[in-house]
Structures are given as structure tokens and as C-alpha cells.
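Reading the structure
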Amino acid sequence: MRPAFVFGTRPEIIKLAPVVRTFLERGVEPLLIHTGQHYDYEMSRIFLEELELPPIDHHLEVGSGTQAEQTGKAMIKIERVLMEEKPDVTLVQGDTNTVLAGALASVKLKIPVAHVEAGLRSFDRTMPEEINRILADHASEVLFAPTEEARRNLEREGITENVYVTGNSVVDAVLQNAEVAEKKSNVLERLNLKPKNYILITAHRAENTDSRENLTRLVEILESLPMHAVYPMHPRTKNRLMEFGLWERVEAIENLTVTKPLGYLDFLRLEKNAFVVMTDSGGVQEEAIILNVPCLTLRYNTERPETVKAGGNVLVGLERERALSYLHRLMEDGDFYRGMALARNPFGDGKAGERMAEILLELHEKGELKVRSSRFI
Ligand code: UD1
Ligand code: UDP
């Protein structure tokens, strides 16, 4: 059995690492294909190093571009590698352009696709990620849904076969790395921060950064924060702030520390010790509830509604008054703070990676790991 992993961005490396590791422990050597969607050291290589992944077999160096340029280039290059290597299954994770390219290239070569984190829906088709995840799910043969809610989303679209509720491998990643992070990372000391005394911010989504109006609203929130804040900034956001002439305003905010994107160990330690997290990231919404840190999400919808239902996450959008009123309440009302912080993690027990690898090995052994002509027989 030879599984191929296609990945290209920071969150894919983080969430696929536990699955790669399980295969290696079972004596199965995976084929690692990196599209190069993310290419800066701190967006890619640092994660390969920290998570101790084996060397990448194929670097495709696709880089940045428009949606179609990036997806198209990745498809062409992935197809070449898959034709040459003929793996038994292609694993993709999440909802990036890399995922869509990997899923389409693979299924058309009749190499079955296993989609890690299948069934998430924001129900907002203006997001590139929503299109990617819907299409990837429909191209996939094996669907690893992190929660029952994700499974139900797939069922509503007629996908009921080979759907496995495994939990989310982000829990595996957090459990495998949080203690290491406490020991190895000196980020709090470096940035002169005290535990539970700062807000951690990340925001990079296209809908928040690509329009001047929305990015200005994000800056206005940053300008009025009532507590020291740290913002490890995605290159997309930095580029847009400069382009829209907003960077000087961010630099002038006294109680805000902006850093480059951080490695996983530094970031996990920052998250675990934050008073509250404000983010538009998918993975950070998940990690906050796993680490018992309240989360205010800078979006109007989420494909992780489980976090909101559990009480650990509130959607504040880019509404400054709403964001501030939650921040003040968290600072002033201990019971409210504890209620959010102690919300139950809905993403499983940290064994998702093991489950996924075992399911694929079993399907392969039974000769059932193949692209069927119909899902419905
Ligand atoms: C992508 C995903 C998004 C995911 C995010 C993870 C899509 C459509 N979006 O968004 O779902 O949340 O990755 O972080 O796939 N850039 C650099 N250096 C890099 C990478 C990017 O400078 O290493 C800059 C470039 O200017 C690039 C921009 O960031 O144009 C956006 O990168 P891109 O890969 O298109 O999308 P992300 O915003 O990273
Ligand atoms: N992350 C990191 N360093 C950072 C910001 C985020 O290691 O500076 C990690 C974070 O812990 C999470 C993942 O990157 O596991 C989330 O990635 P991102 O927000 O880029 O993408 P999304 O999850 O929104 O697709």
C-alpha cells in the first residue's frame, strides 16, 4: 500500500502530519507531494522541520497566483507525479486550492481520493474555500468527517458511502505538540508577554483582507483593543495593508505587537497562554476550544459551528462594537469567561490520524480502495 499526500499550505502540513506519522509507524512509506502554494520559510518549511516529517518526494513549486492559475498549475504538476508514481490513494486535507487540484487530478486518473476534514460547510459560496471543499468532497471516495454535523452535511448532498466520523486530526496535532511547545518555545519571553494577559490575533481570509473597506474595519478593531495584543501576520494581510496604505496605522498602534508568521511550537504556546483569541482562521477556531481559550471569530459565518454551539466561540464579524462588548465582558465577568473557556472540545480524542490510516489500510486489504463508477450502488 502506498498512500500519496498532496499538501501545500501551513494548515495542511499541520493536520496531515499525524496521519503521515501513523502510516510510518505501521511500516507504510507515504509519498509526499508539496505543491508549493505556501513557500516562505515561515509558512512551510518550519512546519516540516518542527513536525519532523520525512523529506518531501516532489516539490512542485506552484507558488501564488489567481485562483485558476494556482489551481490549474497545481493540477498539471500533480497529475504528472501521480501518473509516474501510481499511488493507491491520494490524501488531501481541508479546502485550499491545493486540495481541489489534488482531488481532481487524482480521481480522473482513477486513483481514489481520501478527503481529510470532509463535510465542512460555511454555506457561503462566495468563499473560494467553500467551492473547494464541496468539489473535493464530491470527487472523493473516502470521506473523513471530523464531526456528526459534517457527516450530516455530506448526507444532505447524497454522500453516505465510505463516510467515517473520525474526529479532527487538529486535536492529534495539538496533543502531540502542546507540551513540547511549553518546553521548547520561548515566545512569551521573547515578546515580553505574561500568560493570560494578552489577546492573540490572526486574520488572513480573502473576504477580510482583499477589500479596502473590510481591511479598514479590521484595522479599526485593532486600534481600539482594550488589552495588549499580538498579531503574527500572514503575508497576504501584510501585503494588502501596504497596498491599501493602512500599514502605517497598524504600526502606530501602541499596544499591538505584529510579528512574522510563527512556527507551530511558538504559535501553540502563544495560543495556550492567551486571554482570548480573535481570528478568522479555521484551524485557530478549533485549537482555541481544544486549549480552553475563548475565541471571538472575525467572520459572519463559520464552517465550524460546533465551536459556537459548544459555547467556546462567538462570531463577531468585523463589528467593532460587538467585538469590544465581548472583550469587556470577558475581562469583567469571571463566570462568563470560564463558561467560554471551559466549552467542550467537539473535535474528538486525538486519535483521528490513527483511525484514518487504519481505515485506509483495511479498505486496501479488502480490495475496496478504488474509484467506483457510482457512489450509489
Ligand atoms: C490559503 C487558502 C486558505 C487558507 C490559507 C492558510 C485558498 C483559496 N486559500 O490562503 O483557505 O486558510 O491558505 O494559511 O487556497 N504569500 C506569501 N508567501 C507564501 C504564501 C503566500 O507571500 O508563502 C502571499 C502572496 O502574496 C499570495 C498571498 O499570500 O498571493 C495569498 O496566498 P494564497 O496561497 O493564494 O492564499 P492564502 O491567503 O495563503
Ligand atoms: N499557525 C501557526 N503560526 C501562525 C499562525 C497559525 O503555526 O503564525 C497555525 C495554527 O496553529 C493552526 C494553523 O496554522 O494550526 C492555521 O492555519 P491558517 O490560519 O493559516 O489556515 P486555516 O486554518 O484558516 O485554513
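As a starting point, this report considers the structure included with it. Keep in mind the model is a prediction, meaning the values are calculated, not measured.

1. Topic: the site of ligand 2
Taken together, the neighbourhood of ligand 2 is formed by 17 residues, with Leu 262, Ser 281, Gly 282, Gly 283 and Glu 287 sitting nearest. Within the side chain of Arg 10, a nitrogen or oxygen atom sits 2.9 Å from an oxygen atom of ligand 2. A distance of 2.8 Å separates an oxygen atom of ligand 2 from a polar backbone atom of Gly 282. When residues of the shell around ligand 2 are traced back to their parent elements, those giving at least two are helix H1 (10–25), helix H13 (264–272) and helix H14 (282–290). For the shell around ligand 2, the class distribution of residues is 8 nonpolar, 5 polar and 4 charged.

2. A short note on the sheet that holds strand S9 (residues 229–232)
Read across the sheet, 6 strands follow the order S10-S9-S8-S11-S12-S13 without closing on themselves; strand pairing throughout is parallel. The open sheet has two free edges, formed respectively by strand S10 (256–259) and strand S13 (313–315), since each of these has just one partner strand. Direction aside, the axes of adjacent strands within the sheet are offset by 20° on average. One ladder, built from 3 bridges, connects strand S11 (residues 276–279) with strand S12 (residues 295–297); its direction is parallel.

3. Things to note about the pattern of salt bridges
Per the counting criterion, the structure on display carries 34 salt bridges. In this structure, Glu 157 engages Arg 121 in a salt bridge whose closest nitrogen and oxygen atoms are separated by 2.7 Å. Remark: Arg 121 occurs in the loop between strand S5 (113–116) and helix H5 (128–139) and Glu 157 occurs in the loop between helix H6 (148–156) and strand S7 (163–165); sequence separation between them is 36 residues. A cluster of three or more residues bridged by salt bridges with shared partners is formed by Lys 15, Asp 95, Glu 117, Glu 130, Arg 133, Glu 207, Glu 286, Arg 299, Glu 303 and Arg 304.

4. A few points about the sheet that holds strand S2 (residues 31–34)
In space, the 7 strands of this open sheet follow the order S3-S2-S1-S4-S5-S6-S7, with parallel pairing throughout. Edge positions in the open sheet fall to strand S3 (58–59) and S7, since each of these has one partner strand only. In this sheet, strand S4 (residues 89–93) lies alongside strand S1 (residues 3–7) in parallel orientation, the contact comprising 3 bridges. If you follow Ala 4 over to S4, its bridge partner there is Thr 90.

5. A word on the site of ligand 1
Taken together, 21 residues form the shell around ligand 1, and within it His 38, Glu 129, His 204, Arg 205 and Arg 236 come nearest. Within the contact set of ligand 1, a nitrogen atom lies 2.9 Å away from a side-chain nitrogen or oxygen of Asp 40. Out of a free accessible area of 740 Å², ligand 1 has 88% covered by protein chains. Secondary structure elements with two or more residues in the shell around ligand 1: helix H3 (67–85), H5 and helix H11 (235–243). The element that contributes the greatest number of residues to the shell around ligand 1 is H11, accounting for 3 residues. Classifying every residue of the shell around ligand 1 by side-chain character gives 5 nonpolar, 11 polar and 5 charged.

The rules behind the values
- Every chain is numbered on its own, with residues counted from 1 as its sequence reads.
- Here every chain gets a letter starting at A, and every ligand a number starting at 1, in the order they are written.
- In view of the model being predicted, local features appear only for residues whose pLDDT reaches at least 70, and side-chain atom pairs are presented and counted only at 80 or more, with totals across whole chains, interfaces and linings using the full set of residues.
- Here the side-chain values reflect all heavy atoms present in the structure, with hydrogen atoms and water set aside.
- The criterion for a residue being near a molecule or strand is simple. One of its heavy atoms has to lie within 4 Å of it.
- A 3.5 Å cut-off defines polar contacts: any pair of N or O atoms within that distance qualifies, except that in protein one atom must be a possible hydrogen donor and the other a possible acceptor, and neighbouring residues in sequence count only when both atoms are side-chain atoms.
- We count a stretch as a helix when DSSP gives it H or I for four or more residues in a row; a strand needs E for two or more, and each element gets its number in order from the N terminus.
- Three categories are distinguished: nonpolar for Ala, Val, Leu, Ile, Met, Phe, Trp, Tyr, Cys and Pro, charged for Asp, Glu, Lys and Arg, and polar for the others, with Gly belonging to the last.
- A pair of strands is treated as paired once DSSP finds two or more bridges between them.
- Every angle, taken between N-to-C directions, lies between 0 and 180 degrees, and every axis is a line fitted to C-alpha atoms, over only the stretch in contact when it is a helix.
- Salt bridges are identified by distance alone: a Lys or Arg side-chain nitrogen within 4 Å of an Asp or Glu carboxyl oxygen.
- Areas reported here follow the Shrake-Rupley algorithm with a probe of radius 1.4 Å; residue values treat only the protein chains shown as occluding.

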